[in-house]
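Structure at a glance
Letter by letter, the chains look like this.
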Amino acid sequence: MRYEPEPIHPFNHTFVYISQVLKEAIGHCLFLHIDGSGNTNPEWFNEEIKERSKAYGVHYGNTSEPSNSLSRYYDAVAMYATALNDTISEGLNPFDGLAVTRKIWNRTFYGMLSGMITINSVGDRFSDVVVTALLPEIGDVQERVVVELVVVVVVVVVVVVALAVFVAYVVVVVVVVVEVVVVVVVVVVVVVEVVEVLVVVFEEVVVVLHVKIDRDPQ
């Protein structure tokens, strides 16, 4: 069994086979992904993985390298071991998954391979987000900026709230306009009915006058 290297991400290609129109359209897009620039395996770790993998029939060869994800898995197991040890030290049930998980929340770990790992109060990791954009003139992507995930979340929340306020404002305006139209229609109907009543009264008056004139020609 030979290890096959991971396929190259499609956004790293030169987009030779994509039409110019599509490239220009994609050029107006921004792509967000978790920053993995600091998640490279140390050389000694790769050598250790290669050596131990031979016992399981996995041979990397001279050109293949272990996946960088292995270092994150290594630190994840170390985090779990730390949380489990703390759970047992406090006399809690080590088979209580929630109790062990809570020992990971709202805490910072210093991974041997991944560096500082900060978990918030709901169990999510604080991570940097890389914003990339395609440059149509060269057909490749370029890293724009690395921002905190919290900032991205805040921006998204602000945009969503702004859109919600705008939609609510539009709904209120539409409701007011509809109410005004209804009032105008009611007023028009009332005016028409009043005019009809006045016409009927006028006709009755005219008839009465004609009758009086006929009875008293002088």
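Bear in mind that the values here come from a model prediction, so they are computed numbers and not experimental data. (Residues numbered from 1 in each chain as written. Predicted model: local features only at pLDDT ≥ 70, side-chain atom pairs only at ≥ 80, totals over all residues. Heavy atoms only, no water.)

Within the element layout of this structure, serine 53 appears in helix α2 (residues 43–53). Judged by relative accessible area, which is 12%, serine 53 ranks as buried. Serine 53 has contacts with Val58 and Tyr60, leaving out every residue within four places of it along the chain. (Helix = DSSP H or I, 4+ residues; strand = E, 2+ residues; numbered from the N terminus. Buried < 20%, exposed > 50% of the residue type's maximum accessible area, 1.4 Å probe, protein only. Contact = heavy atoms within 4.5 Å.)

Under the present numbering, the feature "transmembrane region" (unreviewed entry) in UniProt falls on residues 149–174 and 180–202. In residues 180–202, the share of helix is 100% and the share of strand is 0%. The end C-alpha atoms are 32 Å apart. (UniProt positions renumbered as here; feature names shortened; annotations may be inferred.)

Using the criterion set out here, one finds five salt bridges in the structure. Measuring nitrogen to oxygen at the nearest pair gives 3.6 Å for the salt bridge that ties lysine 54 to glutamate 51. Using a relative accessible area of 46% as the deciding quantity, one classes lysine 54 as partly exposed. Aspartate 86 serves as the salt-bridge partner of arginine 107, at 2.7 Å between the closest nitrogen and oxygen. Placement of arginine 107 in strand β2 (residues 107–111) and of aspartate 86 in helix α3 (residues 69–89) is noted, with a sequence separation of 21 residues between them. Arginine 107 sits in the partly exposed class, given a relative accessible area of 26%. (Salt bridge = Lys/Arg side-chain N within 4 Å of Asp/Glu carboxyl O.)

Once that is clear, we can look at the nonpolar core. Judged by nonpolar contacts, Met79, Ala83, Val100, Ile104, Phe109, Ile117 and Ile119 together constitute the single largest core of seven residues. Going through the elements one at a time, α3 and β3 (115–119) are the ones with two or more residues in this core. Ignoring sequence-local partners within four residues, the contact set of alanine 83 consists of Val100, Lys103 and Ile104. (Core = buried A, V, L, I, M, F, W, Y, C linked by side-chain atoms within 4.5 Å.)

What follows is about the confidence of the model for the protein. Looking at the protein, pLDDT values average 76 and 66% of them are 70 or higher. Across residues 1–9, confidence stays below pLDDT 50; counting only partners more than four residues off in sequence or on other chains, it has 15 contacts. (pLDDT = per-residue confidence, 0-100.)

Turning our attention to α2. Listed in full, the buried residues belonging to α2 are Phe45, Asn46, Ile49, Lys50 and Ser53. Along the axis of α2, the buried positions cluster into a sector of 135 degrees, meaning they face one direction only. α2 presents Glu43, Trp44, Glu51 and Arg52 as exposed residues on the side facing more than 90 degrees away from its buried surface. Lining the buried residues of α2 we find α3. (Arc of directions from axis to C-beta.)

By secondary structure assignment, the location of threonine 101 is in helix α4 (residues 97–102). Owing to a relative accessible area of 32%, threonine 101 belongs among the partly exposed residues under this scheme. Remark: the alpha-carbon pair of threonine 101 and tyrosine 80, spanning 21 residues in sequence, is separated by 8.2 Å.

A few words now on the packing of aromatic side chains. Under the definition given, this model contains two aromatic pairs. Considering the side-chain rings of phenylalanine 45 and tyrosine 74, the 5.7 Å spacing of their centres and the 80 degrees angle between planes classify their relative orientation as edge-to-face. Pair noted here: phenylalanine 45 is in helix α2 and tyrosine 74 is in helix α3, with a separation of 29 residues, a long-range link. An aromatic cluster of three or more residues is present, and its members are Trp44, Phe45 and Tyr74. (Phe/Tyr/Trp six-rings, centres within 6.5 Å; stacked < 30°, edge-to-face > 60°.)

For α3, spanning 21 residues, the distance from its first C-alpha to its last is 30 Å, which sits close to the expected 30 Å at 1.5 Å a residue. The complete set of buried residues in α3 reads Ser69, Ser71, Asp75, Met79, Ala83, Asp86 and Thr87. One side of α3 holds all its buried residues, which, seen down the axis, span an arc of 155 degrees. In α3, the exposed residues that point more than 90 degrees away from the buried face are Tyr73, Val77, Ile88 and Ser89. Looking at the buried residues of α3, the elements they touch are α2, α4, β2 and β3. Glycine 91 sits one or two residues past α3 and shows a positive phi near 75 degrees. (Expected span 1.5 Å × (residues − 1).)

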